[in-house]
Amino acid sequence: MFALKRFVVALLTLGIWVHPTLERTLEPSPECNSFVESRSSHLLYTGNSSVGNVPILEYKVTELTSFDSEFELRTLDPEGVIFFGDIGGQQNYFLLAVIQGNLSIQTSRGDGQVLVTSGPKISDGEWKKIAVMKHEGAVAVRVGSETAVTVQQSAESQRAEIGNGMLRISIGGLLPDSGVTLGLNPPLDGCMRSWDWVRQDSSILERTLQDSKVQRCWEHIAPGSYFTGVGSVGFSSLALLGNSSAELDGADWTLSVELALRTVSARGFLFILVDTQNDYILSLKLNHPSQELMLRLRGTLFWSRSYPQTLCSGESQFLQLQVRPGQLVIGMGVTKATMRLTDGDYELLKRVLSQPGSRVYLGGGPAGLSSFHGCLQAKIQGVNVDLDLAEVKHGDVRSHSCPAALDIRDGK
């Protein structure tokens, strides 16, 4: 095994492609930009529903003296579930969520449901004190000192509150058996603290935080997407191109990719275009053994450049990649390189991008091979990429936040 690893390292150093199954045998590279993650044991992460980690509280209705709850919330995510509660199933539920950055209530009302969005935007990364209060047949949600949303309770809801049922509350996602259909993506990349749920004991949340670091949040956050060095995010290439996919047949079509990043470990794929056979057609990678940024086309090294000295100093890096007729342009900071692109390769890239089943991966390859560790922001065709729209996304990737120590805006 030791001889195999030496052989693989030698091939990588020479710029020769190594099959992913061989690359997996390499040991992880050491951190080049050490930082303290500072995950706090009193901050609950609300975005783990995609991997099945949804904290659930249960109380007997007959033992409740209040249905009021309050907590503080911090998020940069424009969409997701804050909490979901029901008494007796989907005929009587209450959902507090974020939609387009605003608070939203969704609740059962007889045969249908009502959706109310109002109040200030809360997805600004600042702590917001939120209170949910029941008063005379209505539920009001207050942000700070102002009432943001109010909705009238249904008769069914009011009857359930004086019955013998169980109140169930799930934080950051739906209850497993809720049966409720949502018009949003449930995981909310957010943090919660200072909670008081229906004036009852919620020590299970404290125990959860003590037992699992995955359930904790960073003390301070910054915009971006955080990759832990394990896993990746994959998109349908057509969905990612958006409106520009209709222009793929044009003779002057251009692909634009912009990446901003701060590394923890100087390794891993940043961008990959994969065809329907899972072949890597175009890839951009931090190659640790040779200390180079490598661009490959159809598995062949097309361009490379030694790591800039600032890569491991905590400074932000800005990369631009453009594919256009006859040219492939790559920029790193103020430096740009222009390479000739054959008509055949240009048409191949357009053909793969337009094929249903082709994917674009960020932060690593399929199955999480050679993953990036750090904070990453991506634009494709000039549009910010929302990782929550991915077809496949590893549960450890945080879509809308990074530790403040990796703030791309402060690292220029």
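The structure we're discussing is the one just above.
What comes next concerns the included structure. Quantities reported herein were computed from a predicted structural model and do not represent experimental measurements. (Residues numbered from 1 in each chain as written. Predicted model: local features only at pLDDT ≥ 70, side-chain atom pairs only at ≥ 80, totals over all residues. Heavy atoms only, no water.)

## Structural notes on the state of the cysteines
Worth spelling out the cut-off: We call a pair of cysteine sulfur atoms a disulfide whenever their separation is within 2.5 Å. Here a strand is any run of E in DSSP of at least two residues, a helix any run of H or I of at least four, and the numbering for each starts at the N terminus. Between buried and exposed lies partly exposed: a residue is buried under 20% and exposed over 50% of the maximum accessible area for its type, with that area taken using a 1.4 Å probe on protein chains only.
Evaluation of the coordinates by the stated rule reveals three disulfides. For cysteine 32, the disulfide goes to cysteine 312, at an S-S distance of 2.3 Å. Residues cysteine 32 and cysteine 312 share a disulfide whose torsion about the S-S bond is about -90°; that sign makes it left-handed. Of this pair, cysteine 32 sits in the loop between helix 2 (20-23) and strand 1 (39-45) while cysteine 312 is found in the loop between strand 21 (300-306) and strand 22 (317-324), placing the two residues 280 residues apart along the sequence. Note on cysteine connectivity: cysteine 191 is disulfide-linked to cysteine 217, with sulfurs 2.2 Å apart. Taking the sign of the S-S torsion, -110° for the link of cysteine 191 and cysteine 217, the bridge is left-handed. Here cysteine 217 lies in strand 13 (residues 216-218) and cysteine 191 lies in strand 12 (residues 190-196), a separation of 26 residues in the sequence. A single burial state applies to cysteine 191 and to cysteine 217, both of which are buried. Listing the disulfide partners of the chain by sequence rank of the bonded cysteines yields 1-4, 2-3, 5-6.

## A short note on the sheet that holds strand 20 (residues 292-297)
Put simply, the rule reads: One requirement defines pairing of two strands: DSSP has to find at least two bridges between them.
In spatial order, the strands read 21-20-19-18-25-16-28; together these seven strands make up an open sheet with antiparallel pairing. Looking at the sheet topology across the chains shown, the edges are occupied by strand 21 and strand 28 (392-393). Relative to strand 19 (residues 280-287), strand 18 (residues 268-274) is paired through six bridges, and the arrangement is antiparallel. Bridge pairing in strand 19 links phenylalanine 269 to lysine 285.

## Here we look at helix 6 (residues 343-354)
As a reminder, the rule being used: Working rule for helices: expected span equals 1.5 Å times residues minus one. Contacts between residues were defined by any pair of non-hydrogen atoms, one from each residue, lying within 4.5 Å.
In this model helix 6 runs 17 Å from its N-terminal to its C-terminal C-alpha over twelve residues, within 8% of the 16 Å that 1.5 Å per residue would give. For helix 6, the elements touching its buried residues are helix 5 (237-241), strand 17 (255-265), strand 18, strand 19, strand 20 and strand 22.

## Structural notes on the nonpolar core
What counts here: Residues belong to a common nonpolar core when they are buried Ala, Val, Leu, Ile, Met, Phe, Trp, Tyr or Cys residues joined through side-chain atoms within 4.5 Å.
One finds Leu259, Phe271, Leu273, Leu282 and Ile380 to be the most contacted residues of the largest nonpolar core, which totals 49 residues. Broken down by element, the residue count for this core peaks at five residues, all from helix 6. Each residue touching leucine 273, except ones within four places of it in the same chain, is listed here: Asp279, Tyr280, Ile281, Leu282, Leu349, Val352, Leu353, Arg359 and Val360. Counting 35 residues, the second largest nonpolar core, distinct from the first, contains Ile82, Ala148, Leu188 and Met192.

## Points about empty space enclosed by the protein
The criterion, for reference: Method remark: on a 1 Å grid restricted to protein atoms, a set of points is classed as a cavity if a 1.4 Å probe fits but cannot get out and as a pocket if it is open with protein on both sides within 12 Å along at least five of seven lines; lining residues have an atom within 4 Å of a point. Grid points are joined across faces, edges and corners, and a volume is the space filled by probe spheres set on the points. For this classification, Asp, Glu, Lys and Arg are treated as charged, while Ala, Val, Leu, Ile, Met, Phe, Trp, Tyr, Cys and Pro are nonpolar and the rest, including Gly, are polar.
For the coordinates displayed, the defined rule picks out five cavities of 30 Å³ or more. Each pocket or cavity is described by its volume, and for the largest cavity that value is around 370 Å³. Taken together, 24 residues line the largest cavity, and the ones lying closest to its centre are Phe67, Phe94, Val139, Glu161 and Leu167. Those elements that provide at least two residues to the lining of the largest cavity are strand 4 (79-87), strand 5 (93-99), strand 6 (102-109), strand 8 (128-135), strand 10 (146-152) and strand 11 (166-171). Of the residues belonging to the lining of the largest cavity, the class tally is twelve nonpolar, nine polar and three charged.

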